[in-house]
Amino acid sequence: MMNDIREVRGYYPPDDEWPDVSAKMIKEGGIEFKMVDAENIYDAPAFFNPVMVLNRDLAILFAEVYSQKNEVEIRVFEPLAGIGIRALRMAKESSEFISEIVINDFGEISSKIAAYNIKKLALGEKIYQFRREARSLSLDLSEQRFRYHYIDLDPFGPPTPFIDSMWPVMHRRSMIAVTATDMQALCGVYPKACNRKYGGFPLNNHHTHETAARLMIASVVRSAARFDRGLKPIFTSAVDHYTKVFFLSFQQKGAANNAVEIIGYSYTCDNCSQIKYIAGDRRYVDCCGNIEIAGPLWTGDLFDKEWCELAMKQLQIKDLSSKRRIEKLLLEGIDASGLPGYFSMDVIGRRLHVTQPSFKRISEQIISRGYRCVKTRFTNNSFRSDIPGVELMELIKNLVQELKEI
Ligand SMILES: C[S@@+](CC[C@H](N)C(=O)[O-])C[C@H]1O[C@@H](n2cnc3c(N)ncnc32)[C@H](O)[C@@H]1O
Ligand SMILES: [Zn+2]
C-alpha cells in the first residue's frame, strides 16, 4: 500500500512549461488562469466551457456545505477534469473546507495546461494531478486505499461508462455529483440510445427535462446498488445543455434496496397533464386522455429541503457569479420538495385554445384552493403543483372567462 499519492502511476507534477499552443488569460471566480486562445471551444486542443461556470459554482457550494455539515475537511476526486479549472477554483475559494483534490484527464494538452496553472497559482500542495484513463486510475486509487468524500463526475455526454468505477474509491458516507450532457438521448430525440445507455425510455413532452434527470438518477442508483450503496438525490438541476444531480451515498445494503425500490415509471395524461410517478413494475393507469409512459426512472424526491436550505444559507456569504441563478434553483428545491406534479402554461393554453392568464393569477387561484404551487426552473413557463390536472383545466377556463368579463 502506498501512503504518498504521488507514487501512484500517472502522477503528473506541477510544471512551469506552457505547451506549444497560443494563450490567453481567463478569469473565473476567485482565480485568473492561462488557457488556449481558441475561436471555438469545441475545436480547441483543450476543453474549457465558460457556460459551465454555473456547474462549477454548484460544485463549490455543495462541497462547502458537505464539509460543514459533516465537520470534516473533505478530499475531492475529479476524474474528468479537463484543464482543472474546477479544482483550481475549489482549492483557492474553498481552501478551509477542502484538504486535497485529485484531478485527472487523459488529454495531453489539457494535462499540460492544468500542470502549468497549478504551478503558477502555487496550488501543488492541495491539488494532485494525474494523466490516466479515468476508470483505471479510480480503481488503482481504490486498491491503494485512497478514499474521497466528494466526487464530481463531469463527462462529455453520458456519465454511464464511468459511474461503476467511482464507488470503490468513495468513503462509506460521501457525496457524488453527476452531470449528463447528452440531452438529445435523455429528452427523447434518440429513445433507443437513451434505453441503451440509461436503461429506460424517455418522453419528449412538456416535462422532458425532468424525465431526463429522473432517468439519469435511476441509472446511477442502479449502478450504486450493484456495489451495495444506497443513494439519495439532494439537489437536481436541468439547465443550459445538461442535467446535474448531487447525491448522498451510503455504503449499506438496506439503503441500496430502499433506493432501488423507488425506481418505477411516470404516467402522464396527454389531455390534463396529470403525472403519476409509481414505483415498481409498469402498470395500467387511467385518466381523461392517452397515457404516455417513461422509465424505468426515479419516482422519488429530486430535492432534499434541508440540504437546499443549507446551500442557500452558504450561498449568501459567497461571491459566485451565478448566485442569482443558483438562488432560483435552490428556491425550487426548498419549496417544491415532495411536489411531483408538473404543468406547462403554454401546453395547457394551447389545449384549451385560450390565451393563458399570468402565472401570478393561476398560482393565487391554486393556493386559494388549498394546493401548493411552485415555479419550476426546468423549463420556462411551467410550475409544480399537487392540484389534479382536470381541476387545473377547469380553474384556467374559469379564470379566462372572468378576465373576459372584466
Ligand atoms: C466535459 S470535459 C471536463 C470539464 C471539466 N470538468 C471542467 O469543469 O471544465 C471532459 C473531459 O474528460 C476527458 N476524458 C474523456 N474520457 C476520458 C477517460 N476515459 N479518461 C480520462 N479523461 C477522459 C476529456 O479529455 C475532457 O477533458
Ligand atoms: Zn387526464
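A few points on the structure. (Residues numbered from 1 in each chain as written. Chains lettered and ligands numbered in written order. Predicted model: local features only at pLDDT ≥ 70, side-chain atom pairs only at ≥ 80, totals over all residues.)

### Thoughts on the sheet that holds strand 6 (residues 148-153)
Quick note on the threshold: One requirement defines pairing of two strands: DSSP has to find at least two bridges between them. Strands here are runs of E lasting at least two residues and helices are runs of H or I lasting at least four, both read from the DSSP assignment and numbered beginning at the N terminus. Helix axes are fitted to C-alpha atoms over the stretch in contact, other axes to C-alpha atoms as well, and angles between N-to-C directions run from 0 to 180 degrees.
Here we have 7 strands laid out as an open sheet, ordered 5-4-3-6-7-9-8, and mixed in their pairing. Each end of this open sheet is capped by a strand with a single partner; those strands are strand 5 (127-130) and strand 8 (229-239). Mean inter-strand twist for the sheet, computed between neighbouring axes without regard to direction, equals 15 degrees.

### Concerning the site of ligand 1
The condition that has to hold: All residues are tested the same way: a C-beta atom is placed from the backbone, and lying within 6 Å of a molecule or strand makes the residue near it. All residues other than Ala, Val, Leu, Ile, Met, Phe, Trp, Tyr, Cys, Pro, Asp, Glu, Lys and Arg, Gly among them, are scored as polar; the first ten of these are nonpolar and the last four charged.
The environment of ligand 1 is made up of 19 residues, and the closest members are Leu80, Gly82, Phe106, Ala134 and Asp154. Its residues placed into classes, the shell around ligand 1 shows 10 nonpolar, 4 polar and 5 charged.

### A look at helix 7 (residues 191-198)
The test is simple: Once C-beta atoms are placed from the backbone, each residue is buried if 20 or more other C-beta atoms lie within 10 Å of its own, exposed if 12 or fewer, and partly exposed for counts between those two. By construction, the arc corresponds to the directions joining the helix axis to the C-beta atoms.
By the burial criterion, the buried members of helix 7 are Cys194, Lys197 and Tyr198. With its buried residues spanning 80 degrees around the axis, helix 7 presents them on a single face. Away from its buried face by more than 90 degrees, helix 7 exposes Lys192 and Arg196. Backbone geometry just after helix 7 places glycine 199 at a positive phi near 75 degrees.

### What to know about the nonpolar core
Note the threshold: Note on definitions: a nonpolar core is a set of buried residues drawn from Ala, Val, Leu, Ile, Met, Phe, Trp, Tyr and Cys, linked by C-beta atoms within 7 Å. Residue ranges assigned to the domains are those given by an automatic or database domain assignment. What counts as a contact here is a pair of residues whose C-beta atoms, placed from the backbone, lie within 7 Å.
One finds Phe62, Ala63, Met216, Val221 and Ala311 to be the most contacted residues of the largest nonpolar core, which totals 115 residues. Both domains that furnish three or more residues to this core are identified here as domain 1 (1-47 + 73-154) and domain 2 (341-405). Residues within four places of phenylalanine 62 in sequence aside, it is in contact with Met175, Ala177, Phe235, Phe246 and Ala311.

### Some remarks on the environment of serine 94
Residue placement: serine 94 occurs in the loop between helix 2 (85-93) and strand 4 (98-104). By C-beta crowding, serine 94 is classed as buried, having 20 other C-beta atoms within 10 Å. Separated by 258 residues in the primary sequence, serine 94 and leucine 352 have C-alpha atoms spaced 51 Å apart. Sequence-distant contacts of serine 94, that is, excluding residues within four places in its chain, are made with Ile60, Ala63 and Glu64.

### A word on unusual backbone geometry
The amide bond that connects glycine 295 to the next residue, proline 296, takes the cis arrangement and shows omega of 0 degrees. Relative to the helices and strands, proline 296 is located in strand 12 (residues 291-298). In this model, aspartate 228 sits at a positive phi of 60 degrees, which is unusual for a non-glycine residue. Phi is positive for histidine 353, close to 55 degrees, though the residue is something other than glycine.

### Thoughts on the pairing of strand 3 (residues 74-78)
One face of the sheet, then the other: side chains in a regular strand alternate in exactly this way. Note the following rule: Look down the strands so they point away from you; if the path from the first strand over the helix to the second goes clockwise, the crossover is right-handed.
Within strand 3, 4 of the 5 residues are buried, which leaves it mostly tucked inside the rest of the structure. Summarising the sheet, strand 3 and strand 4 pair through 5 bridges and their orientation is parallel. By the bridge assignment, valine 76 is partnered in strand 4 with isoleucine 101. What joins strand 3 to strand 4 is helix 2, and the crossover it makes is right-handed. Two elements, strand 3 and strand 6, share 2 bridges in a ladder whose sense is parallel. Paired with phenylalanine 77 across the strands is isoleucine 151, a residue of strand 6.

### Regarding the packing of helix 1 (residues 53-70) against helix 2
For any two helices packed against each other, the geometry is given by the interaxial angle and the distance between the axes. Counted only if it meets this: Roughly parallel covers angles under 35 degrees, roughly antiparallel covers those over 145, roughly perpendicular covers 65 to 115, and oblique covers all other angles. For any helix crossing, the convention is left-handed if the near helix is rotated counterclockwise from the far helix by under a right angle, and right-handed if that rotation is clockwise.
Remark: helix 1 packs on helix 2, axes separated minimally by 10 Å, with the N-to-C direction vectors making an angle of 40 degrees. Our classification of the angle between helix 1 and helix 2 gives oblique. Seen along the crossing, helix 1 lies across helix 2 with a hand that is right-handed. For the pair helix 1 and helix 2, the contacting residues are Arg56, Ala59, Ile60 and Ala63 in the first and Ile85, Arg86, Arg89, Met90 and Glu93 in the second. The residue inventory of the contact of helix 1 with helix 2, partitioned by class, reads 5 nonpolar, no polar and 4 charged.

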